[in-house]
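# Fold and geometry: a report
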Amino acid sequence: MDRCSALSLCENGTRAVLGFDSGRIAVLEVSSGEISRFQPPTKAAISSVAISSNGQRLLAGSKEGEIVSLEFVDGNWKVFSKHQVKGAVLSIAVAAVGGWAAIQIESNRHFEWLLLEPDRTSSQISLGRTNHSSPPAVFSDNGNSMLLASGNQIEVWSLNERKLIQKLKSHSEEIACLLINPSGDIALTGSADESVILWDLKAGTALQNFNPFDKVRSISVNMDWNLLVCGLDVSNTVVFKVNVKATAKHPYDDYPRRELLRNNAQGAGPVSISDDGRSASAAFGTGAINLWDLQTSSLLCSFRAESAITYCQLTPSGRHIVALDCTGHVHLLKVESPHDMLR
């Protein structure tokens, strides 16, 4: 059996890319469930995949450092470029525009960030080395900015200038997850220090500090960036109200709204929220996936896979969940009518 080893859903929720131990790649059309398979583009097992926000470009990296880029042209997927790096590919992130890609590799227990320049098959820019792994990089929608996590601080990079702009530090422990808003001026970081920080990237200051009283493993925000969902270490999920209009001079003084969603499962996993902020999903080490109604803080439904969930994403519409478990099984879950289920 060819085990699925990597999965990524595009930002608009229409397509997902799958990577397999054989080096094969497949593209899943979420609405229909149809899968397009390709001959193995790499010789080694796929270790990480990423797909652009519009679903038109994908990258796959292998444990042997092979990186393949494909683009959807005239109704077909075609190989656009190939790269070879010195290390196993741990994570890949693709910019919405501009063709940039950020690659995290591991070699001899050392970790390095590489930036692949657009439209160049061999140009790689090293962004630095560390002795620990980090969450995947994130890009602003305009393709001008990129964020990297480095220990307990974030690095803000300008892609136009190809240089590090600033480093921001407020967490006392390593950052586990990070997000950047479409315009690239606001960011969120979650850490093992039991906090989530809302950042003003232009001013280089923290606007809000959320305390969920447990180690933060994953975060997600809705389209308006006014609801924050956090996946916590002890399996609970917490929801905060975010005020992105806060400033360093006029901070958000009231303690943010905090709703605790108690999950009957163990082992924190990824969380995600629909664009309208009405529903959220949470996945766990037991294989459970819960779907919540955030307006009522009620559990809509629950699904259990065969093993721990390593990837889980709710589509922006809230109508599908795409997930991957440790055994390599891919789960495409369809919710017929999320907000009618309680009636």
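Read on for a plain summary of the structure. (Residues numbered from 1 in each chain as written. Predicted model: local features only at pLDDT ≥ 70, side-chain atom pairs only at ≥ 80, totals over all residues. Heavy atoms only, no water.)

### Comments concerning the overall build of the protein chain
Counted only if it meets this: The helix count covers DSSP runs of H or I at least four residues long, the strand count covers runs of E at least two residues long, and both are numbered beginning at the N terminus. Relative accessibility thresholds used throughout: buried, under 20% of the residue-type maximum; exposed, over 50%; partly exposed, between the two (1.4 Å probe, protein chains only). The contact criterion used throughout is that any non-hydrogen atoms of two residues lie within 4.5 Å. Accessibility throughout is a Shrake-Rupley quantity obtained with a 1.4 Å probe, and a residue counts as covered only by protein chains that appear here.
Scanning the protein chain for helices and strands turns up 0 helices and 31 strands. Here the protein chain, with 343 residues, has 56% of them falling under the buried criterion. Considering only contacts in the protein chain between residues 6 or more positions apart, those separated by 24 or more positions represent 38%. By element, 45% of the accessible surface of the protein chain is carried by carbon and sulfur atoms, the whole surface being about 15,000 Å².

### Here we look at the environment of S5
By the element assignment, S5 lies in strand β1 (residues 4-9). Each C-alpha atom of the pair S5 and V330 lies 9.6 Å from the other, and the pair is 325 residues apart in sequence. Setting aside residues no more than four positions away along its own chain, S5 makes contact with G19, F20, D21, I46 and L324.

### Here's the deal with a negative patch on the surface
We apply this condition: The residues that make up patches have over 30% relative accessible area and no salt bridge, and they are joined within 9 Å when like-charged or within 5 Å when they are Val, Leu, Ile, Met, Phe, Trp or Tyr. Just to be clear on terms, a salt bridge is a Lys or Arg side-chain nitrogen sitting within 4 Å of an Asp or Glu carboxyl oxygen. Under this rule, positive means Lys or Arg and negative means Asp or Glu; His and the chain ends count for nothing. To locate a charge, take atom NZ for lysine, CZ for arginine, CG for aspartate or CD for glutamate.
The grouping of E11, D141, D224, D275 and D276 at the surface amounts to a negative patch. Along the chain, the position of E11 falls in the loop between β1 and β2 (15-20).

### Section: the packing of aromatic side chains
Two descriptors summarise a pair of aromatic rings, namely the distance from one centre to the other and the angle between the planes of the rings. This is how it is decided: When the centres of two rings from Phe, Tyr and Trp lie within 6.5 Å, Trp using its six-membered ring, the rings pair. Their planes under 30 degrees apart give stacked, over 60 give edge-to-face, and anything left gives tilted. Cation placement over rings: the criterion is NZ of Lys or CZ of Arg within 6 Å of the ring centroid and within 35° of the ring normal.
By the definition in use, this model includes 1 aromatic pair. Measuring from ring centre to ring centre gives 5.2 Å for F72 and W77, while their planes differ by 55°; the resulting arrangement is tilted. Residue classification places F72 among the partly exposed residues on the basis of a relative accessible area of 25%. Given the relative accessible area of 13%, W77 is considered buried. The ring of F20 carries the charged tip of R24 above its face, separated from the ring centre by 4.3 Å.

### Here we look at the pairing of strand β20 (residues 205-210)
This is how it is decided: Only strands joined by at least two bridges in the DSSP assignment are considered to pair.
Pairing of strand β19 (residues 195-200) with β20 involves 5 bridges; the strand directions are antiparallel. Counted as the bridge partner of I197 is N209 from β20.

### Regarding the pattern of salt bridges
On inspection of all chains with the given rule, the structure shows 6 salt bridges. For R24, the salt bridge is made with D2, and the minimal N-O distance between the two is 3.1 Å. With R24 in the loop between β2 and β3 (25-29) and D2 in the segment before β1, this residue pair connects regions lying 22 residues apart in the sequence. The exposure class assigned to R24 is buried, which follows from its relative accessible area of 16%.

### A look at the environment of G99
Looking at where G99 falls in the secondary structure, it is placed in the loop between β9 (88-94) and β10 (101-107). As for G99 and G143, which are separated by 44 residues in sequence, their C-alpha atoms are 8.4 Å apart.

### Comments concerning the pairing of strand β26 (residues 279-284)
Most of β26 is tucked away, with 6 of its 6 residues classed as buried. Neither face of β26 is exposed, since S279, S281 and A283 on one face and A280, A282 and F284 on the opposite face are all buried. With 5 bridges connecting them, β26 and strand β27 (residues 288-293) associate as antiparallel partners. The residue bridging A280 from the neighbouring strand is W292, located in β27. With antiparallel pairing between neighbouring strands as the criterion, β26 and β27 make up a hairpin whose turn holds 3 residues, including G287 at a positive phi of roughly 95°.

### Brief notes about the sheet that holds strand β5 (residues 46-51)
Hydrogen bonds between backbone atoms are what pair the strands of a sheet, whose relative direction is either parallel or antiparallel. Put simply, the test is: Angles here are taken between N-to-C directions and fall from 0 to 180 degrees, while the axes themselves are lines fitted to C-alpha atoms, restricted in helices to the stretch in contact.
Here 4 strands make up an open sheet; going across it, the order is β5-β6-β7-β8 and the pairing antiparallel. For this open sheet the edge positions go to β5 and β8 (76-84), each flanked by a neighbour on one side alone. Averaged over all pairs of adjacent strands, the angle between strand axes in this sheet comes to 20°, irrespective of strand direction.

### Thoughts on the side chain of S134
Rules: Here a polar contact is taken to be a pair of N or O atoms separated by no more than 3.5 Å, where protein atoms must pair a possible hydrogen donor with a possible acceptor and residues adjacent in sequence count only if both atoms sit in side chains.
Along the chain, S134 turns up in the loop between β12 (124-130) and β13 (138-139). Here A149 takes part through its backbone oxygen, which lies 2.9 Å from a polar atom of the side chain of S134. Sequence-distant contacts of S134, defined by excluding residues within four places in its chain, comprise Q104, W113 and A149.

### Quick word on the nonpolar core
In globular proteins that are soluble, nonpolar side chains generally tend to be buried together. Inclusion rule: Only buried Ala, Val, Leu, Ile, Met, Phe, Trp, Tyr and Cys residues count toward a nonpolar core, and they belong to the same one when joined by side-chain atoms within 4.5 Å.
Counting 17 residues, the largest nonpolar core has L188, V196, L198, F210, I219, L228 and C230 as its most contacted members. For this core, the elements supplying multiple residues, two or more each, are β18 (186-191), β19, β20, β21 (216-221), β22 (227-232) and β23 (237-241). In this structure, V196 is in contact with L188, T189, G190, Q208, N209, F210, V216, I219, L228 and C230, ignoring residues within four places of it in sequence. Among the nonpolar cores identified, the runner-up in size contains 14 residues, and A6, V17, L58 and W77 belong to it.

### Here's the deal with the sheet that holds β1
Taken together, the 4 strands give an open sheet; going across it, the order is β1-β2-β3-β4, and neighbouring strands pair in antiparallel fashion. For this open sheet the edge positions go to β1 and β4 (35-37), each flanked by a neighbour on one side alone. Averaged over neighbouring strand pairs, the angle between their axes works out to 20° when direction is ignored. Summarising the sheet, β2 and β3 pair through 5 bridges and their orientation is antiparallel. What sits directly across from R15, in β3, is E29.

That's the geometry; what it means functionally is another story.
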